[in-house]
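Inside the fold
The residues making up each chain are set out below.
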Amino acid sequence: MRTMAEDDLRILVVEDHPFQLIATQCLLESYGFTRLTTADSAKSAMQQMLGVDQPFDILLCDQCLPDLTGLDLVRFASQRGLIRQAIILSSLTTSELDELVKTANEHGLPLLGYLIKPLKHSEFRDLLSLAPT
């Protein structure tokens, strides 16, 4: 199984806190991910996804958005073919996040898993390695 080439990976980062959004974007760029799109709400993310001609490779999304949960955004995007895979980035407890993964699996959503804020390169890369080619 090959991992997606980092400079090729199209990532949509959705985070409603401005500092967290900038910090996550900067971290991803420092890890070599250059094809980033950011959104500060689910509504903005939906507009970004609907405005491109191909699905995003990864939706990296906060679970606690003001207008929709991250998992609901994953469901919206997945049902419309707007993303290939998703990762939840959150500060919720591990048990809450494990429950989200269970729900995603039950509904056949393309959720690779979750990461605890702040984003860590090795954990992000480990999740990416799970993505089907």
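Heads up: the structure comes first, above all this text.
Conventions used here
Residues numbered from 1 in each chain as written. Predicted model: local features only at pLDDT ≥ 70, side-chain atom pairs only at ≥ 80, totals over all residues. Heavy atoms only, no water. Core = buried A, V, L, I, M, F, W, Y, C linked by side-chain atoms within 4.5 Å. Buried < 20%, exposed > 50% of the residue type's maximum accessible area, 1.4 Å probe, protein only. Helix = DSSP H or I, 4+ residues; strand = E, 2+ residues; numbered from the N terminus. Contact = heavy atoms within 4.5 Å.

**A closer look at the nonpolar core**
Leu12, Val14, Met49, Leu59, Leu73 and Ile83 are the most contacted members of the largest nonpolar core, which totals 25 residues. Among the secondary structure elements, those contributing two or more residues to this core are strand S1 (10-14), helix H2 (42-50), strand S3 (56-62), helix H3 (70-79), strand S4 (83-90) and helix H4 (94-106). Element by element, the count of residues in this core is highest for H3, at 5 residues. Setting aside chain neighbours within four positions, we find Leu12 in contact with Thr37, Thr38, Ala39, Ala45, Gln48, Met49, Phe56, Ile58, Leu59 and Leu60.

**Observations regarding the environment of Thr38**
Inspection of the secondary structure assignment puts Thr38 in strand S2 (residues 35-39). Between the C-alpha atoms of Thr38 and Ile11, which are 27 residues apart in sequence, the distance is 8.4 Å. Ignoring sequence-local partners within four residues, the contact set of Thr38 consists of Leu12, Val13, Leu21, Gln25 and Gln48.

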